[in-house]
There are 2 protein chains.
Amino acid sequence: MSLDQKFEKIFKKVDELKPQFIDVLAKAIEIPAVSSDESLRPMVVKKAHFLADQLKSLGFSDIQLRELGTQPPPVNDPKLQLPPVVLARYGNDPAKKTVLVYGHYDVQPAAKEDGWDSEPFTLVVDEEKQLLKGRGSTDDTGPLTGWLHVVRSHQEAGIEFPVNLITCFEGMEESGSLGLDDLIAVEADKYFKDVDTVCISDNYWLGTKKPVLTYGLRGCNYYQVTINGPHADLHSGVFGGIIAEPMIDLVQVMGTLVDSQGKIKIEGIEEMVAPVTEKEHEIYEKIDFSVEELNAASGSNTSLYKKKEDILMHRWRFPSLSIHGVEGAFAGQGAKTVIPAKVVGKFSIRTVPDIDSEKLTKIVVEHCEREFAKLNSPNTCKAELIHDGNYWVSDPFNASFTAAAKATKVVYGVEPDLTREGGSIPITLSFEEKLKTNVMLLPMGRGDDGAHSINEKLDISNFVNGIKIMSAYLHYYAESPEK
Amino acid sequence: MSLDQKFEKIFKKVDELKPQFIDVLAKAIEIPAVSSDESLRPMVVKKAHFLADQLKSLGFSDIQLRELGTQPPPVNDPKLQLPPVVLARYGNDPAKKTVLVYGHYDVQPAAKEDGWDSEPFTLVVDEEKQLLKGRGSTDDTGPLTGWLHVVRSHQEAGIEFPVNLITCFEGMEESGSLGLDDLIAVEADKYFKDVDTVCISDNYWLGTKKPVLTYGLRGCNYYQVTINGPHADLHSGVFGGIIAEPMIDLVQVMGTLVDSQGKIKIEGIEEMVAPVTEKEHEIYEKIDFSVEELNAASGSNTSLYKKKEDILMHRWRFPSLSIHGVEGAFAGQGAKTVIPAKVVGKFSIRTVPDIDSEKLTKIVVEHCEREFAKLNSPNTCKAELIHDGNYWVSDPFNASFTAAAKATKVVYGVEPDLTREGGSIPITLSFEEKLKTNVMLLPMGRGDDGAHSINEKLDISNFVNGIKIMSAYLHYYAESPEK
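Residues numbered from 1 in each chain as written. Chains lettered and ligands numbered in written order. Predicted model: local features only at pLDDT ≥ 70, side-chain atom pairs only at ≥ 80, totals over all residues. Heavy atoms only, no water.

## Digging into the overall build of chain A
Along the backbone of chain A there are 13 helices and 18 strands. Its C-alpha radius of gyration of 25 Å places chain A within 12% of the 23 Å reference for a compact globule of 483 residues. Referenced to the eigenvectors of the C-alpha coordinate spread, the extents of chain A come out at roughly 85 × 55 × 50 Å. Sequence separation of 24 or more characterises 80% of the internal contacts of chain A that already satisfy a separation of 6 or more. Taken as a whole, chain A presents about 18,700 Å² of accessible surface, with 49% of it coming from carbon and sulfur. Here chain A holds 52 positive side-chain charges and 72 negative ones, and the gap between their average locations is 2 Å. (Helix = DSSP H or I, 4+ residues; strand = E, 2+ residues; numbered from the N terminus. Rg over C-alpha atoms; globule rule 2.2 N^0.38 Å. Contact = heavy atoms within 4.5 Å. Areas by Shrake-Rupley, 256 points an atom, 1.4 Å probe, with all protein chains shown as cover. Lys, Arg positive; Asp, Glu negative; His and termini not counted. Charge placed at Lys NZ, Arg CZ, Asp CG, Glu CD.)

## Notes on the relation of the copies chain B and chain A
For the pair chain B and chain A, the best superposition has an RMSD of 0.1 Å and corresponds to a rotation of 180 degrees with a translation of 0.0 Å parallel to the axis. Taken together, the rotation angle and the small translation identify this as a two-fold axis. Within chain B, Val251 of chain B has its C-alpha nearest the rotation axis, a separation of 2.8 Å. By residue overlap, the copies meet face to face through one surface: 100% of the interface positions of chain B are interface positions in chain A. (Least-squares fit on C-alpha atoms with pLDDT ≥ 70 in both.)

## Structural notes on helix H4 (residues 180-187) of chain B
All names here are of chain B. Among the residues of H4, those classed as buried are Leu180, Leu183, Ile184 and Glu187. For H4, the arc enclosing every buried residue in end-on projection is 100 degrees, short of the 170-degree limit, so these residues lie on one face. As for H4, its buried residues are in contact with strand E1 (61-66), strand E2 (85-90), strand E3 (98-104), strand E6 (164-170) and helix H12 (426-435). (Buried < 20%, exposed > 50% of the residue type's maximum accessible area, 1.4 Å probe, protein only. Arc of directions from axis to C-beta.)

## Comments concerning the packing of helix H1 (residues 3-29) of chain B against helix H3 (residues 141-157) of chain B
Residues and elements named next belong to chain B. The contact between H1 and H3 brings their axes to 8 Å, and the two run at 140 degrees. In terms of their interaxial angle, H1 and H3 are classed as oblique. Viewed along their axes, H1 and H3 form a crossing whose handedness is right-handed. Each of Lys9, Ile10, Lys13, Val14, Leu17, Gln20, Phe21, Val24, Leu25, Ala28 and Ile29 in H1 lies in contact with H3, whose residues at this interface are Thr141, Gly142, Thr145, His149, Arg152, Ser153, His154, Glu156 and Ala157. Split by residue class, the contact of H1 with H3 holds 9 nonpolar, 7 polar and 4 charged. (Axes fitted to C-alpha atoms, helices over the stretch in contact; angles between N-to-C directions. Parallel < 35°, antiparallel > 145°, perpendicular 65-115°, else oblique. Left-handed = near helix turned anticlockwise from the far one by under 90°. Nonpolar A, V, L, I, M, F, W, Y, C, P; charged D, E, K, R; others polar.)

## Describing the domain arrangement of chain A
Partitioning chain A into structural domains gives domain 1 (3-217 + 392-479) and domain 2 (219-273 + 318-389). Distance from the C-alpha centre of domain 1 of chain A to the C-alpha centre of domain 2 of chain A: 39 Å. (Domains from an automatic or database assignment.)

## Overview of the interface of chain B and chain A
By a widespread convention, an interface's size corresponds to the accessible area lost as its parts come together. The interface is formed by 76 residues belonging to chain B together with 76 residues belonging to chain A. Taken together, the connections running from chain B to chain A amount to 0 salt bridges. Across the contact surface, chain B and chain A share 44 residue pairs in polar contact (both at pLDDT 80 or more). In terms of residue count, strand E11 (residues 320-327) of chain B provides more of the side of chain B that touches chain A than any other element does, 8 residues in total. Tallied by class, the residues present in the side of chain B that touches chain A amount to 32 nonpolar, 34 polar and 10 charged. (Salt bridge = Lys/Arg side-chain N within 4 Å of Asp/Glu carboxyl O. Polar contact = N/O pair within 3.5 Å; in protein donor to acceptor, adjacent residues only side chain to side chain.)

## Here's the deal with the UniProt feature "binding site: Mn(2+) 2" (unreviewed entry) in chain A
Residues and elements named next belong to chain A. On the UniProt side, "binding site: Mn(2+) 2" (unreviewed entry) is annotated at positions that read His104, Asp139 and Asp202 here. For the annotated residues, spread through 99 residues, the largest C-alpha to C-alpha distance comes to 8.1 Å, consistent with a single compact locus. With respect to the helices and strands, the residue Asp139 is situated in the loop between strand E5 (131-133) and helix H3 (141-157). Not counting chain neighbours up to four residues away, the residues in contact with Asp139 comprise His104, Asp106, Val107, Glu174, Asp202, Tyr204, Ala451, His452 and Glu456. Reaching out from Asp139, the side chain makes a polar contact with the side chain of His452 at a distance of 3.1 Å. Turning to its location among the elements, Asp202 is positioned in the loop between strand E7 (197-200) and strand E8 (212-217). A residue is classified by how much of its surface remains accessible, and Asp202, at 8% relative accessible area, is buried. Ignoring anything within four residues of it in the chain, the contact list for Asp202 reads Tyr102, His104, Asp139, Asp140, Glu173 and Ile425. A distance of 3.3 Å separates the side chain of Asp202 from the side chain of His104, its partner in a polar contact. (UniProt positions renumbered as here; feature names shortened; annotations may be inferred.)

## Here we look at the UniProt feature "binding site: Mn(2+) 1" (unreviewed entry) in chain A
Residues and elements named next belong to chain A. Feature annotation in UniProt places "binding site: Mn(2+) 1" (unreviewed entry) on Asp139, Glu174 and His452, given in this structure's numbering. A maximum C-alpha distance of 9.7 Å among these annotated residues, which run over 314 residues, shows that they cluster at one spot. Among the secondary structure elements, Glu174 is positioned in the loop between strand E6 (164-170) and helix H4 (180-187). In this structure, Glu174 is in contact with Ser35, His104, Asp106, Val107, Gln108, Asp139 and His452, ignoring residues within four places of it in sequence. Tracing the backbone shows His452 in the loop between strand E17 (438-441) and strand E18 (457-459). With residues up to four places along the chain from it excluded, the contact list for His452 reads Gln108, Arg135, Asp139 and Glu174. There is a polar contact of 3.1 Å between the side chain of His452 and the side chain of Glu174.

## Observations concerning the state of the cysteines
Residue and element names in this part refer to chain A. In total, this model carries 0 disulfides over all chains according to the counting rule given. Just so you know, Cys168 is unpaired, no disulfide at all, and the nearest cysteine sulfur is the one on Cys199, 13 Å from it. Owing to a relative accessible area of 0%, Cys168 belongs among the buried residues under this scheme. Among the cysteines around Cys220, which has no disulfide bond, Cys368 carries the closest sulfur, lying 15 Å off. (Disulfide = S-S within 2.5 Å.)

## Things to note about the nonpolar core
Among the nonpolar cores identified, the biggest contains 88 residues, and Val99, Leu165, Phe463, Tyr473 and Leu474 of chain A are the most heavily contacted of them. Beyond its immediate sequence surroundings of up to four residues, Leu474 of chain A is in contact with Val99, Trp147, Val150, Phe161, Pro162, Val163 and Leu165 of chain A. By size, the runner-up hydrophobic cluster in this structure holds 87 residues, among which are Phe50, Val99, Leu144 and Val150 of chain B. (Core = buried A, V, L, I, M, F, W, Y, C linked by side-chain atoms within 4.5 Å.)

## What about the packing of helix H1 (residues 3-29) of chain A against helix H13 (residues 460-479) of chain A?
Residue and element names in this part refer to chain A. For the pair H1 and H13, interaxial distance at closest approach is 9 Å and the crossing angle is 140 degrees. When the interaxial angle is binned, H1 and H13 end up oblique. As for the relative orientation of H1 and H13, their crossing is right-handed in sense. Contacts between H1 and H13 involve Leu3, Lys6, Phe7, Ile10, Phe11, Val14, Asp15, Lys18, Phe21, Ile22 and Leu25 on the former and, on the latter, Ile460, Phe463, Val464, Ile467, Lys468, Ser471, Ala472, His475, Tyr476 and Glu479.

## Observations regarding the sheet that holds strand E4 (residues 124-126) of chain A
All names here are of chain A. Strand order in the open sheet formed by 3 strands is E4-E5-E18, with antiparallel pairing between adjacent strands. One side of each edge strand has no neighbouring strand; the edge strands of this open sheet are E4 and E18. In this sheet, neighbouring strand axes are inclined to one another by 20 degrees on average, regardless of whether the strands run parallel or antiparallel. (Pairing = 2+ DSSP bridges.)

## Looking at the pattern of salt bridges
Residues and elements named next belong to chain A. Taken as a whole and assessed by the stated rule, the structure comprises 44 salt bridges over all chains. For the salt bridge of Asp417 with Lys210, the shortest nitrogen-to-oxygen distance reads 2.7 Å. With Asp417 in strand E16 (residues 417-421) and Lys210 in the loop between E7 and E8, this pair connects stretches of sequence that are 207 residues apart. Residues participating in the shared-partner salt-bridge network are Arg446, Asp448, Asp449, Lys457 and Asp459.

## Some words on the pairing of E6 of chain B
Both faces of the sheet carry side chains from a regular strand, because those side chains alternate between them. Residue and element names in this part refer to chain B. E6 sits mainly inside the fold: 7 of its 7 residues count as buried. By the alternation rule, side chains of E6 split into Asn164, Ile166, Cys168 and Glu170 and Leu165, Thr167 and Phe169, which are all buried. Pairing geometry for E2 and E6, over 5 bridges, is antiparallel. Residue Val86 lies in a different strand from E6, and its bridge partner there is Phe169. Both E3 and E6 contribute to a ladder of 7 bridges, which runs parallel. Pairing of Tyr102 across the sheet is with Cys168, part of E6.

Put into structure tokens, the structure is as follows:
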């Protein structure tokens with residue numbers, strides 16, 4: 001049977017089974033698996049069991065609910081158990097390639113009082129707008145259950161499954177993926193031994209019309225500059241004008257970091273950024289995006305660039321520096337006449353190839369120290385890295401991406417846009433580094449789905465077509481000559 | 001009888017009556033008259049009645065507990081009554097001068113849990129350290145009751161009271177003196193009609209050894225710069241580098257206000273400051289103060305000046321600009337990757353003669369707008385005054401100050417230092433403007449009394465000598481040829 005014939009059968013089954021697929025999604029969403037709410041932890045665990053039952057009924061083997069131990073502080077209950085990671089296999093044929101699919105079954109908090117039009121943990125099937133509304137519909141219960149439906153569609157269509165599938169479904173993604181890194185490291189040569197590629201469906205199209213594949217994420221180095229002055233907050237009436245004020249020094253130091261046009265003023269960073277290649281230029285030219293879409297997303301006309309390529313490149317492949325705020329200064333409403341004794345400025349730099357994180361930190365710390373020294377202030381200044389996560393960029397023309405691009409073309413009739421994201425998904429890098437394999441981000445939902453927001457939704461067409469793409473992807477990948 | 005003979009009798013009585021005076025203070029302090037705590041409002045009122053009873057027993061006349069109406073929002077109880085102002089007269093002889101004495105009977109909050117060594121509303125008489133410890137001992141129950149003891153000392157010493165005395169004791173000073181301004185305006189030509197001078201005992205010596213008289217206060221203009229960008233807070237991963245960030249603009253604008261050496265960089269302010277006169281120079285040279293005292297007060301070695309005159313002039317008679325903080329930006333601990341959508345920078349300028357408040361505001365607003373315009377940012381900027389209070393400077397050689405200086409010399413054997421304060425006591429200006437008379441600040445306590453802090457105290461010698469100075473002051477003032 002040709003691939004086209006197989007796809008015809010599978011896709012027909014996906015369409016037929018749509019009501020049942022939505023039903024499974026509805027049952028999953030009914031469980032309020034909010035990982036950040038300790039009181040709802042039993043619900044997160046319940047959802048893991050629900051998924052395990054689904055996997056079992058589909059014939060998955062070696063199903064494990066892997067415990068990750070107690071949650072580290074801060075927690076109210078010091079014995080609070082992390083939710084389990086759901087590992088399972090479908091097929092174990094040495095002649096077939098093995099694909100690990102990652103998803104998370106926990107969700108962000110949601111309550112009707114937040115402004116939802118409907119109860120967030122009851123899936124609403126909006127026939128008019130043809131969308132599925134509910135917490136987790138797009139992030140990430142919808143895409144996650146998509147993989148189960150791929151298996152069922154094959155079974156009911158009588159088509160042999162083209163690869164060995166391994167699931168790695170976690171329940172702490174919305175709370176920092178606690179414990180998952182260690183599990184990946186431990187299982188790299190065990191449960192995940194034969195994995196050829198990793199597919200993550202946990203991001204979104206850039207816009208609302210064009211399917212995309214995502215091959216890059218920026219990293220994030222988060223810094224603090226602490227200026228220390230008097231031993232306690234002082235009254236500006238009594239001490240204003242005779243004491244060196246930490247807040248004045250901090251404003252001066254932070255003013256040297258970046259200008260209002262977004263240009264980072266710290267010397268030495270620009271030089272580390274990999275030059276834009278011809279091939280990259282081509283990728284950006286093809287992408288469907290406009291400054292209007294950016295303005296709509298930010299709700300304002302405050303874009304720093306007007307050209308599509310500039311916007312996208314500055315979002316994805318150039319570094320940026322954001323000043324987030326100040327800890328220790330007066331942050332309330334009204335007029336408090338305080339001289340804060342110690343202030344901590346917070347800023348972060350989004351990193352891209354080929355910025356070396358350690359070198360960056362050295363440059364940033366030295367810059368802050370140098371600028372502070374220029375002030376000739378009797379206060380003290382300390383700049384430090386408080387958190388970092390590396391960037392990730394994959395080859396968007398490797399076997400996995402090529403297979404997914406073909407699958408997208410088959411389902412949607414168009415080549416997917418090749419996108420990156422400006423933020424980070426740390427687990428991507430973890431899989432890549434620990435399993436020494438490539439990773440692909442295959443989004444199911446659209447840019448306007450409202451993940452983490454109210455009235456989160458997934459268009460029914462994205463759900464159905466997403467399952468079809470996942471199916472076709474596995475076949476194309478299975479057929480690809482390289483691993 | 002010569003003045004010296006009168007003083008001898010009065011001072012002897014003050015010494016004899018010390019235990020009774022301390023007893024009255026103890027009874028007053030026992031009432032937790034915290035004006036900022038709505039639940040304690042009945043206690044504030046109770047303290048007003050306690051004072052009225054004291055005044056009555058001393059033979060004061062026309063005693064009024066003047067109601068000021070309900071407290072304006074924000075309040076929990078919309079019908080919350082302001083505590084009354086205690087008005088009373090002692091003597092009404094047209095041949096005598098009339099002195100209005102102002103004090104406040106409300107206090108700052110205090111609780112043992114804050115770190116007090118003893119119950120804050122139980123006066124501790126520390127015989128070893130010779131001090132009185134309790135909330136209100138120095139701010140302002142001690143000085144306020146001092147005036148009652150002056151009357152009693154005269155009565156028991158059999159000395160005719162030299163002036164007509166009017167009390168104006170309020171119960172909302174620690175909460176913004178709500179309602180008092182209006183009362184002063186209303187009574188300017190009624191209860192306060194014949195007032196020749198106003199004496200306020202509600203501040204402190206500069207240090208711990210030298211008595212002072214205070215003839216000036218800086219004003220305070222409080223400003224906000226609001227930078228408005230996107231419609232809501234954004235994720236720095238998604239929007240960092242492509243959106244003009246309000247916090248970046250704000251840091252740039254605030255960086256143009258003042259340098260780390262305390263020099264205000266806004267053009268046009270320096271020109272408004274009255275030049276330092278020869279006579280002023282002499283005043284500053286005589287004052288007992290050192291950079292070590294400043295360092296001790298700030299708990300750090302962050303003084304901008306080393307010379308006594310520079311420190312004091314920059315504290316009292318030159319303007320200063322303090323940056324207090326930012327509303328709307330991330331102010332917590334840790335690493336939040338937010339781009340704040342709207343940030344409000346807060347700064348204030350302490351004003352001095354001859355800065356015109358309106359002109360200053362015009363200069364400040366135009367400066368911020370001009371500096372923001374230079375940034376060429378698509379965000380919007382608004383600078384505005386949110387609160388102001390004028391400076392106050394009196395002639396420290398007028399009849400009232402001269403009388404108080406003589407009284408100090410008689411009691412302490414030294415000329416008092418003539419000081420100003422860097423902060424503001426708005427009611428000073430209210431009395432001066434509405435009664436069209438001069439005002440003098442005659443402090444009783446020391447610079448280290450810990451007003452508003454834990455273990456607030458008043459040295460017994462300051463209490464006793466303060467009552468003596470108040471007594472002698474009234475006699476010298478009564479004798480002065482000018483009014």
